[in-house]
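Chain and residue survey
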Amino acid sequence: MTNQHTHRVAVIGGDGIGPEVTAAALAVIAAAGVELATTNYDLGAARYLRDGVVLDDATLEELRGFDAILLGAIGPAIGDTRIPGGVLERGLLLKMRFGLDLYVNYRPFHGVAGSIAEGCTFSIVRENTEGPYAGEGGTLRRATAHEIATQGSVNTRFGVERCVRYAFERASTLSNPRLTLVHKTNVLTFAGDLWSRVVTEVAREYPAVAVDYNHVDAACIYLVENPGRYGVIVTDNLFGDILSDLAGAVTGGIGYAASANLNPARTGASMFEPVHGAAHDIVGTGRANPLAAVSSAALMLEHLGEEAAARRLSRAVADFDGDVATLGTAGITAQLIERL
Ligand code: IPM
Ligand code: MN
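Residues numbered from 1 in each chain as written. Chains lettered and ligands numbered in written order. Predicted model: local features only at pLDDT ≥ 70, side-chain atom pairs only at ≥ 80, totals over all residues. Heavy atoms only, no water.

**Considering the layout of surface pockets**
Each pocket or cavity is described by its volume, and for the largest pocket that value is around 1600 Å³. Along the walls of the largest pocket sit 48 residues, with Tyr106, Pro108, Thr121, Leu299 and Ser314 positioned nearest its centre. The set of elements that each furnish at least two residues to the lining of the largest pocket consists of strand E4 (104-110), strand E5 (121-127), helix H5 (157-172), strand E11 (258-262), helix H9 (291-303) and helix H10 (307-319). For the lining of the largest pocket, the element with the most residues is H10, which contributes 8 residues. Looking at the lining of the largest pocket residue by residue, the classes come out as 24 nonpolar, 14 polar and 10 charged. A volume near 690 Å³ is recorded for the second largest pocket. Along its surface, the second largest pocket is lined by 27 residues, and Ile74, Glu89, Leu93, Val275 and Gly277 are the ones closest to its centre. For the lining of the second largest pocket, the secondary-structure elements that each account for two or more residues are strand E3 (68-73), helix H4 (87-99), helix H8 (237-250) and strand E12 (270-274). Counting residues per element, the lining of the second largest pocket draws most heavily on H4, which supplies 5 residues. (1 Å grid on protein atoms, 1.4 Å probe; cavity = no way out; pocket = protein on both sides within 12 Å on 5 of 7 lines; lining within 4 Å. Points joined across faces, edges and corners; volume = space filled by probe spheres on them. Helix = DSSP H or I, 4+ residues; strand = E, 2+ residues; numbered from the N terminus. Nonpolar A, V, L, I, M, F, W, Y, C, P; charged D, E, K, R; others polar.)

This is how it looks when you write it as structure tokens:
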């Protein structure tokens, strides 16, 4: 289905190579024949250093009204200590996730040639607004000999269930429908009990999906030793954060990893970003690899209802067999466009 209207997309190129890979992704989208009306937002480390703004509430409200948000990368150069850790993460990225209710972080992986997981395709559906990221907790008697710090994990029936439902929907589209809950139910008994019961309950509505459970530590071994066992992994916010870096590493590096911060209920714009960082060290050299940004753009097109174009982008990335290092940003982009 092709939507009749031009999709309105907010573009946050961000810092470092972010604007370069975002421009490449937009070029590939245009070549696939999808028309976007883009609005650029200057946000990130550079903006913060210039005028102290991270993401104000008015801008967040503007972002909510778009059909999607395409983000490049956010963050200062390594060793630049002018921005305290967490300011941009909490003030920009997490503020968007919570403020726009992006309750699913969907990360598909495909093992590239030569990687540990070569040929394997699986995805992680990470709950994206609760767990330890909710910020529950506090500190008492800080910096004294008697200090206390607590950091809770928030798990609501509503939040867990909507994430689990999304994961089952994804799993049910696989040729071999499989879903694995990853948790630590033997130790985190309260949260684990809720997650397990929700998965068992929702599973009744998806009899074609084979359901499995792994403790998170065991899943780290399986991801390295037998990644082919997974279809869709569903897990909480922090486990999903850690597991998706490991999944990126075994499938070829986070230089290939895409992610979709989704509000499937569509009460706010969903946000699409490569998992990699700003790589300030290669800015302007033409060496930035746009494959993860293009894969993220494919996820955006899927969300916008442009399924056919999304498949063409994904296939172009999957079939790409050029030498990333010699082709560079422009060469990779040209080859992807040629293969559309
Ligand atoms: C990610 C990142 C973020 C997270 C950071 C930057 C807050 O690691 O998107 O995986 O922890 O979710
Ligand atoms: Mn992470």
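Next comes the rest of the write-up.
**Concerning the packing of aromatic side chains**
For any pair of aromatic rings, the description rests on two quantities: the centre-to-centre distance and the angle between the ring planes. In this structure the tally under the stated criterion is 4 aromatic pairs. When the centroid spacing of 5.8 Å and the interplanar angle of 90° are considered together, the rings of Tyr41 and Phe66 count as edge-to-face. Placement of Tyr41 in the loop between strand E2 (36-40) and helix H2 (45-51) and of Phe66 in the loop between helix H3 (57-64) and E3 is noted, with a sequence separation of 25 residues between them. Per residue, the accessibility class of Tyr41 equals that of Phe66, and both read buried. Geometrically, the ring pair formed by Tyr106 and Tyr166 is edge-to-face, given 6.1 Å between the ring centres and 70° between the ring planes. With Tyr106 in strand E4 and Tyr166 in helix H5, this residue pair connects regions lying 60 residues apart in the sequence. There is no split in this pair, since Tyr106 and Tyr166 are both buried. A cation over an aromatic ring shows up here: Arg126 above the ring of Tyr133, its NZ or CZ 5.1 Å from the ring centre. Across the ring face of Tyr230, the terminal group of Arg229 is positioned such that the distance to the ring centre comes to 5.7 Å. (Phe/Tyr/Trp six-rings, centres within 6.5 Å; stacked < 30°, edge-to-face > 60°. Buried < 20%, exposed > 50% of the residue type's maximum accessible area, 1.4 Å probe, protein only. Lys NZ or Arg CZ within 6 Å of the ring centre and 35° of its normal.)

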